[in-house]
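Here's the letter readout for the chains.
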Amino acid sequence: MKLRIAQRMAHLGMATAVAVLAPLAAAQEAPVVREGAYWVGSIGDSFAIAALPLQVNTHGNIIVRKAAGDQVTYRVRQRVRAATEDQARALLGGGVKQVSSARGHVVLDLQPISAGSVKTDIEIGVPAQVPTVIIRTQLGGIDVADFDGAVQLSTGGGHIQLGKIGGAVQCFSGAGQIIIERAGGAVECTTVGGNIVVRDAGGQVALSNQMGGNIRVDKATGDVRAHSAQGMIEIGQAGGAVFADTQGGFIQVGSARGVQAESMAGTVRVKNDAGPMNLAAMAGDILAELLSGTRMQDSSLVAGTGDITVLIPSNLALSVMARNSTGGTPRIVSDFPEIQVTPAKFFQAPMIGQGAINGGGPVLNLNVSSGVIYLRRR
Amino acid sequence: MNSCETIRTQLGMLLYGELSFDEEEMVDAHLEGCAKCRAALERERELHKAFDQLEIEPPASVLWDARQSLQQRIAAEHARPGQFSKGSGWWDQFVDALMLRPAGGTGWLKLAGALALLTVGYMGARLAPDLGLGTVGMSVADPGAQRVRSVEPGANGAIQIVLDETRQRVVSGDLDDQNIRVLLLSAAKDPSDPGLRYETVGILNDRAQTADVRDTLIYALQHDENAGVRLKAMDGLRPFVQHPEVRKALAGVLLSDGNPGMRTQAIDLLTQGVGEGSGNAPGNTLDRDVIGTLQELMNRENNAYVRQRGERVLQLVNASRDTY
């Protein structure tokens, strides 16, 4: 029995498809060759494509590469351990490949039907005129080394690794890490569990980690939204505002134009260029550094159990309202004589520190339940 | 009548001022009539004086170790089945509750104990005068906390005050510095701050070739409650996946970690190389323990990807899904 492809282009059933696509080559009688302890079967083909999005539905690991010319190329390589060639062919089992079109997309279905012991790797070559690649793999990793357009990727489980992507990136993994070296546009990615790393994004970034893992964004030109159920969030440089929250772990923002950050357990460290800051740490310190020339807006920093330290440039004008509700001897330590600290008294309100620095400006509201407030000149 | 032997066991506590009033009276009464015990007391006093003259620089890790030990004791107490630590009267239970003994007290007594502690702490703090010890003016670079342990009026109007101080200190050195290493190994287990553990594990990852560091990473992998820290520890252990203790830890992750991202990476590491090299017999690349783990995984895994990976590996090594 030979490896065969069960279905072909012949029964696409959609008139539009025929107009869009060159028909697939006839199913190949793929050779099965011995490679060490394994039998390996490969099929591959190509078809021309117009400037339309390409959607690939499959299962198994998939690699997407940039292809020259106007042809989409694909290659399915399957490997299995078997005693004889016949046994190997039986295990490899064949499969389905079909090209159709729907909703303005060209759809390539590659559904190898094979035993569970077969390792399937799929490689797709995509020409430059394809504006968007959409990959749906039931289970398996997705690798896109280099692609000029946008990508929309989804896997039931497995890693997603992207090199240089010219357009926007949307991705989802049922379980596994996501690594993006460069995206020319916006990035919107979710994994159920695993780390997410974005080195460079040319737009807004929205990342979510549903069951835990660390999130890191080195650079993004737009807003960054990051949610981790449990893990650290590190944002290097954001051209827009940062919105970050984690149930456990630190949040660190290198620079941003406004920050909203909440950590249930962990330190929040922020450098802010402009815009409002709304920072909250239930159990952990807050360290906020206001940069020289910062265009501040009204901000609020709240620490449950932990200290708040704000580093304020000498020339920055702002109004400070600090409130320390710590029992015992609450402390507000200030380098600014303009801040008047009212000592806490027996059964009276918590310690309050307030004043206008450099004539006053946007309001910086600081609130600590158990800790110390430091206002430091930088 | 108190025997000399009994009295001598209390001399140290007498000098520390730790005896109750009644005990002190009893010891004093005995000392008045016993020259040998008075001599023993003098010897004890000399010994204490000698100790006091010694200036000991405790290792920087001592606080960490103490905290670690305390955490372990607390965890052990929590794990103990609910029995009162002593006695059975309501007062004993109340005292247990006050002492925050986890097994102590019924619900209302625990609540009463917690409220009493809260009240005492709050009132004590409110009523305590500001001693003007400079704490308010402490800077970030020299923060600390201090508490008056005892006060003693002197003859000429001077007052001697004993302070307990907790003070921050900066220590620096490389990872080969034993002191630094001990501190890092302790910080990696600090239960209070996942961010600290994450950063510490990140530093330790560069030295995972040494057994003590590797053990700490394995501990983090298995026990850290934060998935981000566990993932970081797994990164550090990646080059050592052939070590039996690392494989055992990864097997544990595969079977019991609630995070599918952790399990996905664990199975990637445990089965790497299986089915890859064309010249190798695949069965030889996986040890029996891992096969057993994968078989157990088949019974409990609900993530389709991890399940599929496990299934495929078992088939590759000619192992059945259910038994080995």
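Worth saying up front: this structure is predicted, and the values here are computed from it rather than measured.

A word on the overall build of chain B. A tally of helices and strands in chain B yields 15 helices and 2 strands. A burial count over chain B gives 36% of its 324 residues as buried. Considering only intrachain contacts with a sequence separation of at least 6, the fraction spanning at least 24 residues in chain B is 48%. A total accessible area of about 19,200 Å² is found for chain B, and carbon and sulfur atoms account for 54% of it.

This brings us to the packing of aromatic side chains. Throughout the structure, instances matching the rule amount to 1 aromatic pair over all chains. Measuring from ring centre to ring centre gives 5.5 Å for Phe250(A) and Tyr198(B), while their planes differ by 75 degrees; the resulting arrangement is edge-to-face. One end of the pair, Phe250(A), is in the loop between strand S22 (242-246) and strand S23 (251-255); the other, Tyr198(B), is in helix H9 (residues 194-204), on a second chain. With a relative accessible area of 2%, Phe250(A) lands in the buried category. Overall, Tyr198(B) belongs to the buried group, its relative accessible area being 9%. When the ring centre of Tyr219(B) is taken as reference, the NZ or CZ atom of Lys189(B) above it lies at 4.6 Å. It is Arg214(B) that lies over the ring of Phe240(B); its NZ or CZ is 5.6 Å from the centre.

Right, let's get into unusual backbone geometry. Residues and elements named next belong to chain A. Phi angles above zero are rare outside glycine, and Arg103 is one such case at about 50 degrees. Counting through the fold element by element, Arg103 comes out in the loop between strand S7 (95-102) and strand S8 (105-112). Phi at Asn358 is positive, roughly 55 degrees, even though this residue is not glycine. Overall, Asn358 belongs to the partly exposed group, its relative accessible area being 40%.

To continue, consider a negative patch on the surface. A contiguous patch of negative charge on the surface is contributed by Asp22(B), Glu23(B), Glu24(B), Glu25(B), Asp28(B) and Glu32(B). As for its position among the elements, Glu25(B) is in helix H3 (residues 21-32).

Right, let's talk about the state of the cysteines for a bit. Following the criterion strictly, the structure yields 1 disulfide over all chains and no others. At a sulfur-sulfur separation of 2.2 Å, the disulfide partner of Cys171(A) is Cys189(A). Taking the torsion about the sulfur-sulfur bond, which here is approximately 105 degrees, the covalent link between Cys171(A) and Cys189(A) counts as right-handed. Residue Cys171(A) is found in strand S14 (residues 169-173), and its partner Cys189(A) is found in strand S16 (residues 187-191); the two are separated by 18 residues along the sequence. In this pair, the class of Cys171(A) matches that of Cys189(A), namely buried. For the unlinked cysteine Cys4(B), the closest cysteine sulfur is that of Cys34(B), found at 3.7 Å. What makes Cys4(B) partly exposed here is its relative accessible area of 30%.

Another point: the pairing of S16(A). Residue and element names in this part refer to chain A. For S16, a buried count of 4 out of 5 residues is recorded, marking the element as mostly surrounded by other parts of the structure. As paired strands, S14 and S16 are joined by 5 bridges and run parallel to one another. In the sheet register, Cys171 faces S16, and the bridge partner there is Cys189. Summarising the sheet, S16 and strand S18 (residues 205-209) pair through 5 bridges and their orientation is parallel. Pairing of Thr190 across the sheet is with Ser208, part of S18.

Moving on: the environment of Leu291(A). Residues and elements named next belong to chain A. You can see Leu291 is positioned in strand S27 (residues 286-296). Once the C-alpha coordinates of Leu291 and Gly249 are considered, the two residues, 42 residues apart in sequence, prove to be 24 Å apart. Sequence-distant contacts of Leu291, defined by excluding residues within four places in its chain, comprise Lys271, Asn272, Asp273, Pro313 and Arg378.

Let's shift gears to the pattern of salt bridges. One pass over the full model with this rule turns up 24 salt bridges over all chains. A salt bridge links Lys119(A) to Asp121(A); its shortest N-O distance comes to 3.1 Å. Owing to a relative accessible area of 26%, Asp121(A) belongs among the partly exposed residues under this scheme. Here Arg269(A) ties to Glu199(B) by a salt bridge, and the two come within 3.0 Å at their closest N and O atoms. Taken together, the residues span two chains, with Arg269(A) in strand S25 (residues 268-275) and Glu199(B) in helix H9. Residue Arg269(A) is classed as partly exposed on the basis of its relative accessible area of 25%. Here the residues in one salt-bridge network are Glu181(A), Arg199(A), Arg216(A) and Asp218(A), joined through shared partners.

Now for helix H8 (residues 178-187) of chain B. All names here are of chain B. H8 sits mainly inside the fold: 7 of its 10 residues count as buried. Turning to H8, its buried residues are Ile180, Arg181, Leu183, Leu184, Leu185, Ser186 and Ala187. One side-chain oxygen of the residue at the start of H8 lies 2.8 Å from the amide nitrogen of Asn179, identifying that residue as Asp177.

All names here are of chain B. With respect to burial, helix H13 (residues 260-270) is a largely interior element, 10 of its 11 residues being buried. Those residues of H13 not exposed but buried are Pro260, Gly261, Met262, Arg263, Thr264, Gln265, Ala266, Ile267, Leu269 and Leu270. If you check the start of H13, you find a side-chain oxygen 2.7 Å away from the backbone N of Gly261, and it comes from Asn259.

To continue, consider the packing of H8(B) against H9(B). All names here are of chain B. Axis separation between H8 and H9 bottoms out at 8 Å; the angle between their running directions is 135 degrees. Taken together, H8 and H9 sit at an angle that is classed as oblique. Considering how the two elements wind past one another, H8 and H9 form a crossing that is left-handed. Where H8 abuts H9, its residues Leu184, Leu185 and Ala187 lie against Leu196, Arg197, Thr200, Ile203 and Leu204. Tallied by class, residues from the contact of H8 with H9 come to 6 nonpolar, 1 polar and 1 charged.

Cut-offs used in this document
- Residues numbered from 1 in each chain as written.
- Chains lettered and ligands numbered in written order.
- Predicted model: local features only at pLDDT ≥ 70, side-chain atom pairs only at ≥ 80, totals over all residues.
- Heavy atoms only, no water.
- Helix = DSSP H or I, 4+ residues; strand = E, 2+ residues; numbered from the N terminus.
- Buried < 20%, exposed > 50% of the residue type's maximum accessible area, 1.4 Å probe, protein only.
- Contact = heavy atoms within 4.5 Å.
- Areas by Shrake-Rupley, 256 points an atom, 1.4 Å probe, with all protein chains shown as cover.
- Phe/Tyr/Trp six-rings, centres within 6.5 Å; stacked < 30°, edge-to-face > 60°.
- Lys NZ or Arg CZ within 6 Å of the ring centre and 35° of its normal.
- Patch = residues over 30% accessible without salt bridge, like charges linked within 9 Å, V, L, I, M, F, W, Y side chains within 5 Å.
- Salt bridge = Lys/Arg side-chain N within 4 Å of Asp/Glu carboxyl O.
- Lys, Arg positive; Asp, Glu negative; His and termini not counted.
- Charge placed at Lys NZ, Arg CZ, Asp CG, Glu CD.
- Disulfide = S-S within 2.5 Å.
- Pairing = 2+ DSSP bridges.
- Polar contact = N/O pair within 3.5 Å; in protein donor to acceptor, adjacent residues only side chain to side chain.
- Axes fitted to C-alpha atoms, helices over the stretch in contact; angles between N-to-C directions.
- Parallel < 35°, antiparallel > 145°, perpendicular 65-115°, else oblique.
- Left-handed = near helix turned anticlockwise from the far one by under 90°.
- Nonpolar A, V, L, I, M, F, W, Y, C, P; charged D, E, K, R; others polar.

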